[in-house]
Amino acid sequence: QITTTSSNKQSLAVEEFLYFFLRMRKNEVKRTVNVLKESYPAESPDEIAKRLINAKTGLSLFGGTLLSLPGLMPGWGQALKLAGFVGAGSMLTRMHLYLLLEVGLAYDHDPDDTARVPEMAAIVAATGLSAAASPILVSRLKLDPIYSLPAGALTMATLTRLIGFTAMKYYGSKQSSAGEFPASLATAAR
């Protein structure tokens, strides 16, 4: 039983923004979680959530590497960004949003509920800050730029796991307050 009433549905403007700007397809979120629940009917929401987190961790390693790639070629960096390598940043943001909504749905929290909007805003902010952290770290430590690749990959994989396990704790708790989840990641949004 999903814990949302029709009066808590997100507005059409929010839906349009998520679809057109972030390419979010909530039906895909629902399909993925339903397939996992049907494939593993004996598994708890925690086990389903861990499957989702593990699947996204591998993707985030690849995405974090792609995100760091333009920094290796100073002359070509801007051209690579324009050619779409920065698309890795939007891909990672979208993937983290999907993870949040999928984990929530594993615990029967409706992805269409307005309560998801501030949670999603925290994810967007956290992903942006993490994407910026890796190149700054490599630069501050005066490391060879090649280290930006593993640093970017590990930063994004760590963020993915942090988002996933924070969402598990938040959605798995009996509390219905929205303060606990955003507090752990939303400080970046302020």
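The paragraphs below set out a description of the structure included in this document. Predicted model, so just to flag it, every value in this text is computed and none were measured.

**So, a nonpolar patch on the surface**
Working step 1: Nonpolar side chains collect at one region of the surface, where Leu-137, Leu-141, Leu-143, Ile-146 and Tyr-147 lie side by side and expose about 480 Å² of accessible area between them.
Working step 2: Here Leu-143 lies in the loop between helix 6 (116–140) and helix 7 (148–172).
Working step 3: Taking relative accessible area as the criterion, Leu-143 reaches 39% and is therefore assigned partly exposed.

**Observations regarding the packing of helix 5 (residues 87–106) against helix 6**
Working step 1: Orientation of helix 5 relative to helix 6, taken along the N-to-C sense of each, is 145°, at an axis distance of 9 Å. Of the two possible hands of crossing, helix 5 and helix 6 adopt the one that is right-handed. Side by side, helix 5 and helix 6 meet where Leu-92, Thr-93, His-96, Leu-97, Leu-100 and Leu-101 of the first sit next to Arg-116, Glu-119, Met-120, Ile-123, Val-124 and Thr-127 of the second.
Working step 2: Here the residues of the contact of helix 5 with helix 6 sort into seven nonpolar, three polar and two charged.

**Description of the pattern of salt bridges**
Working step 1: For the structure shown, the criterion picks out seven salt bridges.
Working step 2: Among the ionic pairs, Arg-51 bridges to Glu-43, the shortest N-O distance being 2.8 Å.
Working step 3: When its relative accessible area of 32% is taken as the criterion, Arg-51 is described as partly exposed.
Working step 4: Shared partners join several salt bridges into a network, and the residues in it are Lys-26, Lys-30 and Asp-112.

**Points about the side chain of Thr-127**
Working step 1: When you line up the elements, Thr-127 lands in helix 6.
Working step 2: What Thr-127 contacts, discounting residues up to four positions off in sequence, is Leu-92, Thr-93, His-96, Met-156 and Leu-159.

**Quick look at the environment of Tyr-171**
Working step 1: Within the secondary structure, Tyr-171 is located in helix 7.
Working step 2: Each C-alpha atom of the pair Tyr-171 and Pro-45 lies 9.7 Å from the other, and the pair is 126 residues apart in sequence.
Working step 3: With near-sequence residues (within four places) excluded, Tyr-171 lies in contact with Leu-100, Val-103, Gly-104, Tyr-107, His-109, Arg-116 and Glu-119.
Working step 4: Polar side-chain contacts of Tyr-171 include one of 3.3 Å to the side chain of Arg-116.
Working step 5: Of the polar contacts made by the side chain of Tyr-171, one reaches the side chain of Glu-119; its length is 2.4 Å.

**Thoughts on the packing of aromatic side chains**
Working step 1: Per the stated rule, a full pass over the model turns up one aromatic pair.
Working step 2: A cation sits over an aromatic face here: Arg-51 above Tyr-40, 3.6 Å from the ring centre.

**Notes on the nonpolar core**
Burial of nonpolar side chains together is a common tendency in soluble globular proteins.
Working step 1: Leu-52, Leu-99, Leu-100, Val-103, Tyr-107, Met-168 and Tyr-171 are the most contacted members of the largest nonpolar core, which totals 29 residues.
Working step 2: Where this core is concerned, the elements lending two or more residues are helix 2 (26–39), helix 3 (45–68), helix 5, helix 6 and helix 7.
Working step 3: Per-element tally for this core: the top contributor is helix 5, with ten residues.

Analysis parameters
Residues numbered from 1 in each chain as written. Predicted model: local features only at pLDDT ≥ 70, side-chain atom pairs only at ≥ 80, totals over all residues. Heavy atoms only, no water. Patch = residues over 30% accessible without salt bridge, like charges linked within 9 Å, V, L, I, M, F, W, Y side chains within 5 Å. Areas by Shrake-Rupley, 256 points an atom, 1.4 Å probe, with all protein chains shown as cover. Salt bridge = Lys/Arg side-chain N within 4 Å of Asp/Glu carboxyl O. Helix = DSSP H or I, 4+ residues; strand = E, 2+ residues; numbered from the N terminus. Buried < 20%, exposed > 50% of the residue type's maximum accessible area, 1.4 Å probe, protein only. Axes fitted to C-alpha atoms, helices over the stretch in contact; angles between N-to-C directions. Left-handed = near helix turned anticlockwise from the far one by under 90°. Contact = heavy atoms within 4.5 Å. Nonpolar A, V, L, I, M, F, W, Y, C, P; charged D, E, K, R; others polar. Polar contact = N/O pair within 3.5 Å; in protein donor to acceptor, adjacent residues only side chain to side chain. Phe/Tyr/Trp six-rings, centres within 6.5 Å; stacked < 30°, edge-to-face > 60°. Lys NZ or Arg CZ within 6 Å of the ring centre and 35° of its normal. Core = buried A, V, L, I, M, F, W, Y, C linked by side-chain atoms within 4.5 Å.

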